[in-house]
Amino acid sequence: MITYKMASVPGDGIGPEVIAEGIKVLNAAAALDGGFRFEWTEFPWGCDFYLQHGKMMDDDGIEQLKQFDAIYLGAVGAPGVPDHISLWGLLLEIRKGFDQYINLRPVKLLRGAPCPLKDAKPEDIDMTFVRENSEGEYAGSGAWLYKDQPNEVVIQNGVFSRHGCERVIRYAYELARKEHKTLTSISKGNALNYSMVFWDQVFAEVGREYPDVKTYSLLVDAASMFMVKNPKRFEIVVTSNLFGDILTDLGAAIAGGMGLAAGANLNPERKFPSMFEPIHGSAPDIAGKGIADPLAAIWSASQVLDFFGHEDWGRKVIDAIERLLTEKQVLTPDIGGTASTREVGDAVVRILEGK
Ligand code: NAD
Ligand code: IPM
Ligand code: MN
């Protein structure tokens, strides 16, 4: 019996509500398989913790998390704590601390999922975003000069290292090669005359090693238009940290909504634990009501199963989500249902159990 040591960080708002359902699904898959199990340790970090202790996580939080095989995170952020404090103190700290430089975000329209695009079918929206997750616009480099003075100046640097660009771009080429898909790089070299010109150059350079992969390069403004007008043209997509953040919320919108969008923060070398999370936030507007959609968290649970090599179970979880979406009997209000968060989690488990 293989045991996977899992750290759960439910976090704030709807985080704990959706993570509970994901854990339920992971435990059910393990029990049904019989060959592996999950051992969970929960960390109480987040905004409540901050209000009590003046910090988002323990000082040695990264050290504590190091011993785990993976991290399952809900969401971070609550009214009352400035977002840049809460996110930099927990979510971004983990992504950076564990060099989770790949943010893998499926943008796939599952059968039965609502789609605001007229006539779009599941086969028209089937992309995988490879978002750079360690530097770029999120490097945290800058300065705030003459604060609160009339001559106040704020500088936020984008940091694009050769190492950082090459590794994420190479990962995307490898994925495209493996899956026999096209690869689209999204950048903005016409205006960002250093960072994005460099990005485009590295994309072309690395591409010489992958003559078998058909590539496209798009400017981010045009790319966002095409994601709505012609999403079929995208298969594997590679882009910078900020563009990937924005475009994957757009992706969520065309593929069922925030309640269905999942993401994995990967350290591909597996030197450090990877982290799995729904891409949505803590949704303070619906927190505590028991109506948050847990399907995004459950989809990221299926990414956990894939990550440990249990792709068969990962697939079964996605199939179960698709069945709920097509039957439309047990869905949360964001996608037109009346069920609670817990009822949706229970229904996924029932389907896995073959009931
Ligand atoms: P959000 O994703 O929390 O919410 C946006 C909208 O989508 C809201 O109307 C919300 O109700 C809805 N929504 C989100 N997830 C849902 C779900 N599972 N089921 C049903 N509806 C859902 O984004 P926001 O409002 O911009 O941010 C709220 C807080 O979350 C902020 O503090 C922000 O910084 C933080 N945030 C955290 C993460 C993260 O931890 N990964 C991601 C994004 C935002
Ligand atoms: C996401 C979130 C985070 C990001 C925020 C909360 C820092 O929006 O995971 O998409 O921008 O990466
Ligand atoms: Mn985001």
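What you see is a predicted model, and the numbers here were worked out from it, not measured in a lab. (Residues numbered from 1 in each chain as written. Chains lettered and ligands numbered in written order. Predicted model: local features only at pLDDT ≥ 70, side-chain atom pairs only at ≥ 80, totals over all residues. Heavy atoms only, no water.)

Moving on, we come to the packing of aromatic side chains. Under the counting rule described, the total for this entry stands at 14 aromatic pairs. Taking the centre distance of 6.4 Å and the plane angle of 55° together, the rings of Phe38 and Phe308 count as tilted. With a gap of 270 residues between them, Phe38 in strand 2 (residues 36-42) and Phe308 in the loop between helix 10 (295-307) and helix 11 (311-327) connect regions that are remote in the sequence. Residue Phe38 is classed as buried on the basis of its relative accessible area of 7%. (Phe/Tyr/Trp six-rings, centres within 6.5 Å; stacked < 30°, edge-to-face > 60°. Helix = DSSP H or I, 4+ residues; strand = E, 2+ residues; numbered from the N terminus. Buried < 20%, exposed > 50% of the residue type's maximum accessible area, 1.4 Å probe, protein only.)

Along the chain, Ser274 turns up in strand 12 (residues 274-278). Among the residues examined, Ser274 registers a relative accessible area of 0% and is labelled buried. The residues touching Ser274, leaving out its near neighbours within four places in the chain, are Asp69, Ala70, Ile71, Gln100, Asn265, Leu266, Asn267 and Phe307. (Contact = heavy atoms within 4.5 Å.)

Moving on, we come to helix 12 (residues 341-352). For an α-helix, 3.6 residues make a turn, and residues three or four places apart therefore share a direction. Compared with the 16 Å implied by 1.5 Å per residue over 12 residues, the 17 Å span of helix 12 between its first and last C-alpha is a close match. Buried within helix 12 are the following residues: Thr341, Val344, Gly345, Ala347, Val348, Val349, Ile351 and Leu352. The inward-facing, buried residues of helix 12 contact helix 1 (15-33), helix 10 and helix 11. Residue Gly354 follows helix 12 closely and has a positive phi angle near 80°. (Expected span 1.5 Å × (residues − 1).)

Let us look at the packing of helix 10 against helix 11. Between helix 10 and helix 11, the shortest axis-to-axis distance is 6 Å and the interhelical angle comes to 160°. With respect to each other, helix 10 and helix 11 are oriented roughly antiparallel. Like other packed secondary-structure pairs, helix 10 and helix 11 cross with a definite hand, here left-handed. Contacts between helix 10 and helix 11 involve Leu295, Ile298, Trp299, Ser302, Leu305 and Asp306 from the former and Glu311, Trp313, Gly314, Val317, Ile318, Ile321, Leu324 and Leu325 from the latter. (Axes fitted to C-alpha atoms, helices over the stretch in contact; angles between N-to-C directions. Parallel < 35°, antiparallel > 145°, perpendicular 65-115°, else oblique. Left-handed = near helix turned anticlockwise from the far one by under 90°.)

So, on to the site of ligand 2. Residues in contact with ligand 2, as listed here, are Leu87, Arg95, Arg105, Arg131, Tyr138 and Asp245. Separating an oxygen atom of ligand 2 from a side-chain N or O atom of Arg95 is a distance of 2.7 Å. In the model, an oxygen atom of ligand 2 is placed 2.8 Å from a nitrogen or oxygen of the Arg105 side chain. For ligand 2, whose free accessible area comes to 320 Å², the fraction covered by protein is 77%. Residues that form the shell around ligand 2 fall into these classes: two nonpolar, no polar and four charged. (Near = heavy atom within 4 Å. Polar contact = N/O pair within 3.5 Å; in protein donor to acceptor, adjacent residues only side chain to side chain. Areas by Shrake-Rupley, 256 points an atom, 1.4 Å probe, with all protein chains shown as cover. Nonpolar A, V, L, I, M, F, W, Y, C, P; charged D, E, K, R; others polar.)

Bringing the domain arrangement of the protein into the picture now. We note that the domain assignment places domain 1 (1-104 + 259-355) and domain 2 (115-255) within the protein. The distance between the C-alpha centroids of domain 1 and domain 2 comes to 24 Å. Listed by partner, the interface residues are 16 residues for domain 1 and 18 residues for domain 2. Broken down residue by residue, the surface that domain 1 buries against domain 2 is led by Tyr101, Asn103 and Leu104, which jointly contribute 39%. Joining domain 1 to domain 2, the criterion identifies one salt bridge. Asp99 serves as the salt-bridge partner of Arg167, at 2.9 Å between the closest nitrogen and oxygen. (Domains from an automatic or database assignment. Buried area = accessible area lost by both parts, 1.4 Å probe. Salt bridge = Lys/Arg side-chain N within 4 Å of Asp/Glu carboxyl O.)

Let's shift gears to the site of ligand 1. Near ligand 1, the surroundings consist of 21 residues, among which Val76, Asp83, Gly281, Ala283 and Asp285 are the closest. In this structure, Gly281 approaches ligand 1 through a main-chain N or O atom, which is 2.7 Å from an oxygen atom. Within the contact set of ligand 1, an oxygen atom lies 2.8 Å away from a side-chain nitrogen or oxygen of Asp285. For ligand 1, whose accessible area on its own is 800 Å², the fraction buried by protein is 70%. Here the residues of the shell around ligand 1 sort into 11 nonpolar, five polar and five charged.

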